[in-house]
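Here is how the chains run, residue by residue.
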Amino acid sequence: MATGRTHRPATRSRGIPEATVARLPLYLRALTALSERSVPTVSSEELAAAAGVNSAKLRKDFSYLGSYGTRGVGYDVEYLVYQISRELGLTQDWPVVIVGIGNLGAALAGYGGFASRGFRVAALIDADPAMTGKPVAGIPVQHSDDLEKIIEEDGVSIGVIATPAGVAQQVCDRLVAAGVTSILNFAPTVLSVPDGVDVRKVDLSIELQILAFHEQRKAGEESNAEAEAEAETAAAAVAPPAPRGATGGAGRKGPDGDVPAVMPA
């Protein structure tokens, strides 16, 4: 079986934009759900809604794959699943090592979605000697002293860092030196890597902070709207009554047209 070390995805060589690449997993997730329900075809509008994008962007993305659908029919679900899986490199085995088996690392190890999406957890690695040999999600934890040997023997090219921030760069350097060329970083720090090494960062605290910003803004907008409504109500309550006979700038009808409500002296 092919390993991640010897086969790289074809997306860059085919000139697919990074923004499109980032959306391909969204399409694949939606298509996989349709496939599991035995849905044979799907329109661009339906698939775009399921993936959370607009249909024009979806059609543009699929044009890079050479898929244009059939007018009046839509896209063949099974073929798109295969096509996107191939572009993402998911039709082959990608052995992955997870470094740092704390709460987060253990949760990642137990995530069942890796195997169904072309990833195999080849090893769990931790620096704590007390963790060595302990099974997590059915996989025995190995000591970090064996990191380089594990990467070489399993042909690993993707590493996941779930360590504390203080040691993440050191772990990253060892992964890169051992031949890892793609890193998924969960540590709350920015990693420095040489050219040719891809890093994707997942920082849950940053995502929560962004959500907090939006919640604060929504609360502020609601407060402003309430204040404006109260001000309008207060202004209406203290406004003087209109003069008797006033009609908003026009009075009674005269023989030559409108007569002002208040005649000049």
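Throughout what follows, the structure given in this document is the object of discussion.

Conventions and cut-offs
Residues numbered from 1 in each chain as written. Predicted model: local features only at pLDDT ≥ 70, side-chain atom pairs only at ≥ 80, totals over all residues. Heavy atoms only, no water. Helix = DSSP H or I, 4+ residues; strand = E, 2+ residues; numbered from the N terminus. Buried < 20%, exposed > 50% of the residue type's maximum accessible area, 1.4 Å probe, protein only. Contact = heavy atoms within 4.5 Å. Axes fitted to C-alpha atoms, helices over the stretch in contact; angles between N-to-C directions. Parallel < 35°, antiparallel > 145°, perpendicular 65-115°, else oblique. Left-handed = near helix turned anticlockwise from the far one by under 90°. Nonpolar A, V, L, I, M, F, W, Y, C, P; charged D, E, K, R; others polar. Core = buried A, V, L, I, M, F, W, Y, C linked by side-chain atoms within 4.5 Å. Patch = residues over 30% accessible without salt bridge, like charges linked within 9 Å, V, L, I, M, F, W, Y side chains within 5 Å. Areas by Shrake-Rupley, 256 points an atom, 1.4 Å probe, with all protein chains shown as cover. Salt bridge = Lys/Arg side-chain N within 4 Å of Asp/Glu carboxyl O. Lys, Arg positive; Asp, Glu negative; His and termini not counted. Charge placed at Lys NZ, Arg CZ, Asp CG, Glu CD. Arc of directions from axis to C-beta. Pairing = 2+ DSSP bridges. Right-handed = clockwise from strand over helix to strand, strands pointing away. Expected span 1.5 Å × (residues − 1).

### Observations concerning the overall build of the protein
Helix and strand content of the protein: nine helices and 11 strands. For the protein, with 265 residues in total, the buried portion stands at 34%. When contacts within the protein are restricted to residue pairs at least 6 apart in sequence, those whose partners lie at least 24 apart make up 56%.

### Focus: the packing of helix H7 (residues 147–154) against helix H8 (residues 165–178)
At a minimum axis separation of 9 Å, H7 and H8 run at an interaxial angle of 40°. Between H7 and H8, the angle falls in the class oblique. Pair H7 / H8 crosses with right-handed handedness. Residues Leu 147, Glu 148 and Ile 151 of H7 lie in contact with H8, whose contacting residues are Arg 174, Leu 175 and Ala 178. Considered class by class, the residues forming the contact of H7 with H8 number four nonpolar, no polar and two charged.

### Thoughts on the nonpolar core
Ranked by size, the top nonpolar core spans 23 residues in total, and within it Tyr 27, Leu 31, Val 42, Leu 47, Leu 58, Phe 62 and Ile 84 carry the most contacts. Of all the elements in the fold, those that place two or more residues in this core are helix H1 (18–36), helix H2 (44–51), helix H3 (55–65) and helix H4 (77–87). Per-element accounting of this core gives the leading share, seven residues, to H1. When sequence neighbours within four positions are dropped, the list of residues in contact with Phe 62 reads Tyr 27, Leu 47, Ser 67, Tyr 75, Leu 80 and Ile 84. Core analysis: the next-biggest nonpolar cluster, separate from the first, contains 20 residues, Val 99, Ala 122, Ala 123 and Ile 183 among them.

### With respect to a negative patch on the surface
A cluster of acidic side chains, namely Asp 145, Asp 146, Glu 152 and Glu 153, defines a negative patch on the protein surface. Turning to its location among the elements, Glu 153 is positioned in helix H7.

### Details of H2
Along H2, the residues classified as buried are Ser 44, Leu 47, Ala 48 and Ala 51. Seen along its axis, H2 keeps its buried residues to an arc of 100°; they face one direction. Those residues of H2 that are exposed and aimed more than 90 degrees away from the buried face are Glu 46, Ala 49 and Ala 50. Where H2 is buried, its residues contact H1, strand S1 (41–42), H3, strand S2 (75–76) and H4. At the exit of H2 stands Gly 52, carrying a positive phi of roughly 80°.

### Here's the deal with the pairing of strand S7 (residues 158–161)
Burial along S7 is two-sided: Ile 158 and Val 160 facing one way and Gly 159 and Ile 161 facing the other are all buried. By the bridge criterion, four bridges tie strand S3 (residues 94–99) to S7 in an arrangement that is parallel. Across the sheet, Val 96 pairs through a bridge with Ile 158, a residue of S7. Alignment of S7 against strand S8 (residues 182–185), held across four bridges, turns out to be parallel. Opposite Ile 161, over in S8, you have Asn 185 as the bridge partner. A crossover connection joins S7 to the parallel S8 through H8; in handedness this β-α-β unit is right-handed.

### Overview of the pattern of salt bridges
Applying the stated rule across the entire model yields seven salt bridges. Here Arg 23 and Asp 61 are joined by a salt bridge, their closest N and O atoms 2.7 Å apart. Of the two residues, Arg 23 is situated in helix H1 and Asp 61 in helix H3; the sequence distance between them amounts to 38 residues. Overall, Arg 23 belongs to the buried group, its relative accessible area being 16%. Assessed through its relative accessible area of 2%, Asp 61 is described here as buried. Between Lys 201 and Asp 203 there is a salt bridge, and its shortest N-O distance comes to 3.6 Å.

### Some remarks on H1
For the α-helix, the turn length of 3.6 residues means that residues three or four positions removed from each other point alike. End to end, H1 covers 28 Å across 19 residues, agreeing with the expected 27 Å (1.5 Å per residue, within 8%). In this fold, the buried residues of H1 make contact with S1, H2, H3 and H4. Phi turns positive, to about 60°, at Ser 38, one or two residues after H1.

### Considering the sheet that holds S3
The strand order across the open sheet formed by seven strands is S5-S6-S4-S3-S7-S8-S9, and the pairing between neighbours is mixed. Two strands bound the open sheet, and with one partner strand each, they are strand S5 (135–136) and strand S9 (198–201). Pairing geometry for S8 and S9, over four bridges, is parallel. Pairing of Ser 182 across the sheet is with Asp 198, part of S9. With respect to the sheet, H7 is in contact with S3, strand S4 (119–126) and strand S6 (139–143), its orientation differing from that of S4 by roughly 165°. Strand contacts of H8: S3, S7 and S8, with the helix running at about 170° to S7, the strand carrying the most contacts.

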